[in-house]
Amino acid sequence: MSKDSPIGIFDSGVGGTSIWKEVHSLLPLEHTIYLADSANAPYGEKSPEEITRLSVKNTEKLLKMGCKLIIVACNTATTNSIQTLRSTYDIPFIGIEPAIKPAALQTKTKSIGILATKGTLSSALFARTSDLYSKDIKVIEVVGKGLVQEIERGNKDSVQVEAMLAELLRPMLNAGIDYLVLGCSHYPYLIPSLKKILPNHVSIIDSGMAVAKQTKLVLQSLDLLTESQQAAPEFFTNADPAILKNLLSETGENLKVSYLDF
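1. Points about empty space enclosed by the protein
So, point 1. A full pass over the atoms with the stated rule returns 2 cavities of 30 Å³ or more.
So, point 2. Roughly 50 Å³ of internal volume is contained in the largest cavity.
So, point 3. Broken down by class, the residue content of the lining of the largest cavity amounts to 5 nonpolar, 5 polar and 1 charged.
So, point 4. What lines the second largest cavity is simply Ile-19, Asn-75, Ile-96, Leu-182, Cys-184, Ser-185, Pro-188, Asp-206, Ser-207 and Gly-208.
So, point 5. Its residues assigned to classes, the lining of the second largest cavity comprises 5 nonpolar, 4 polar and 1 charged.

Here's what the structure looks like:
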């Protein structure tokens, strides 16, 4: 491992590019490699054992590509498998969890909403985090059933998705939430639709920038921050590259997306 080795990022599909964007913005000199395991999406409805198996598979591929640090850009994979990954591999891992803490500390209505996958909400790690920060606060947890699949199909801005969101958010709005925590890295792509539905006083929180800042801190602590411009970002998917390429086109950069069987 050297300073010029790449940062590896994996997700159950295209959603983790919301994390990649924050990392790339904060650390533009770093070479990043992104794996979209879209052929196995969504992870949120799989067993903990299967989620861990897939996370190990993705990690092994990124290690073969020479990565110096791996970002698990998937809430479900983090909450179910990051402890296994950290105990198995001698490389730093950065995970992503629903940002319950800032919502719990800032809420004025004492009611917050968590929109996440079944795999995240049912995990032991999520339960511990929720218990730690949600005392005396009402937490309305809702499984975003079907949302990841629609985003993976390229339908994030569809009328159908907006209708799904309106139905999912109803119990949160009825409970008077003032913060909505996005507990899946796919969901930031739904923020335009969410803003159409949510009252102005409801704030949306996701974990992207926090992950980018933690990545920088870890690289600094290990003296692994690169000091010069490295290779252009690389993106690999084991499904149709067109959907991933379309999402990335929003950055305005000409980014290369390749199919890879992994």
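2. Brief notes about the sheet that holds strand S10 (residues 256-259)
So, point 1. The 6 strands lie next to each other as S4-S3-S1-S2-S9-S10, forming an open sheet whose pairing is parallel. Strands with a single pairing partner mark the edges of an open sheet, and in this sheet they are strand S4 (93-94) and S10.
So, point 2. Of the pairings in the sheet, the one linking strand S3 (residues 69-72) to S4 comprises 2 bridges and is parallel in character. Its bridge partner lying in S4, Ile-70 is registered against Phe-93.
So, point 3. On top of the sheet, helix H1 (residues 17-26) reaches strand S1 (7-11), strand S2 (32-36), S3 and strand S9 (234-237); it is set at about 175° to S2, its chief contact.

3. Comments concerning the environment of Thr-129
So, point 1. Locating Thr-129 in the fold gives a position in helix H6 (residues 124-133).
So, point 2. Thr-129 gets classed as buried once you look at its relative accessible area, which sits at 16%.
So, point 3. Between the C-alpha atoms of Thr-129 and Leu-224, which are 95 residues apart in sequence, the distance is 29 Å.
So, point 4. The residues contacting Thr-129, other than those within four sequence positions of it, are Glu-97 and Ile-100.

4. Considering the pairing of S10
So, point 1. In the sheet, S9 pairs with S10 via 4 bridges, with the strands oriented parallel. What sits directly across from Phe-236, in S10, is Ser-258.

5. Focus: unusual backbone geometry
So, point 1. Of the consecutive residues Ala-41 and Pro-42, the connecting peptide bond is found in the cis state with omega at -5°.
So, point 2. Relative to the helices and strands, Pro-42 resides in the loop between S2 and helix H2 (48-64).
So, point 3. A positive phi angle is found at Asp-136, which is not glycine, with a value near 65°.
So, point 4. Of note, Asp-136 is situated in the loop between H6 and strand S6 (138-143).

6. Describing the packing of H2 against helix H3 (residues 75-88)
So, point 1. Running from amino to carboxyl end, H2 crosses H3 at an angle of 70°, the nearest separation of the two axes being 9 Å. Relative to H3, H2 is oriented roughly perpendicular. With respect to the hand of their crossing, H2 and H3 are arranged in right-handed fashion. Residues Pro-48, Ile-51, Thr-52, Ser-55, Val-56 and Thr-59 of H2 form the contact with H3, whose participating residues are Thr-76, Ala-77, Asn-80, Ser-81, Thr-84 and Leu-85.
So, point 2. A breakdown of the residues in the contact of H2 with H3 according to their chemical character gives 5 nonpolar, 7 polar and no charged.

Rules of the game
Residues numbered from 1 in each chain as written. Predicted model: local features only at pLDDT ≥ 70, side-chain atom pairs only at ≥ 80, totals over all residues. Heavy atoms only, no water. 1 Å grid on protein atoms, 1.4 Å probe; cavity = no way out; pocket = protein on both sides within 12 Å on 5 of 7 lines; lining within 4 Å. Points joined across faces, edges and corners; volume = space filled by probe spheres on them. Nonpolar A, V, L, I, M, F, W, Y, C, P; charged D, E, K, R; others polar. Pairing = 2+ DSSP bridges. Helix = DSSP H or I, 4+ residues; strand = E, 2+ residues; numbered from the N terminus. Contact = heavy atoms within 4.5 Å. Axes fitted to C-alpha atoms, helices over the stretch in contact; angles between N-to-C directions. Buried < 20%, exposed > 50% of the residue type's maximum accessible area, 1.4 Å probe, protein only. Parallel < 35°, antiparallel > 145°, perpendicular 65-115°, else oblique. Left-handed = near helix turned anticlockwise from the far one by under 90°.

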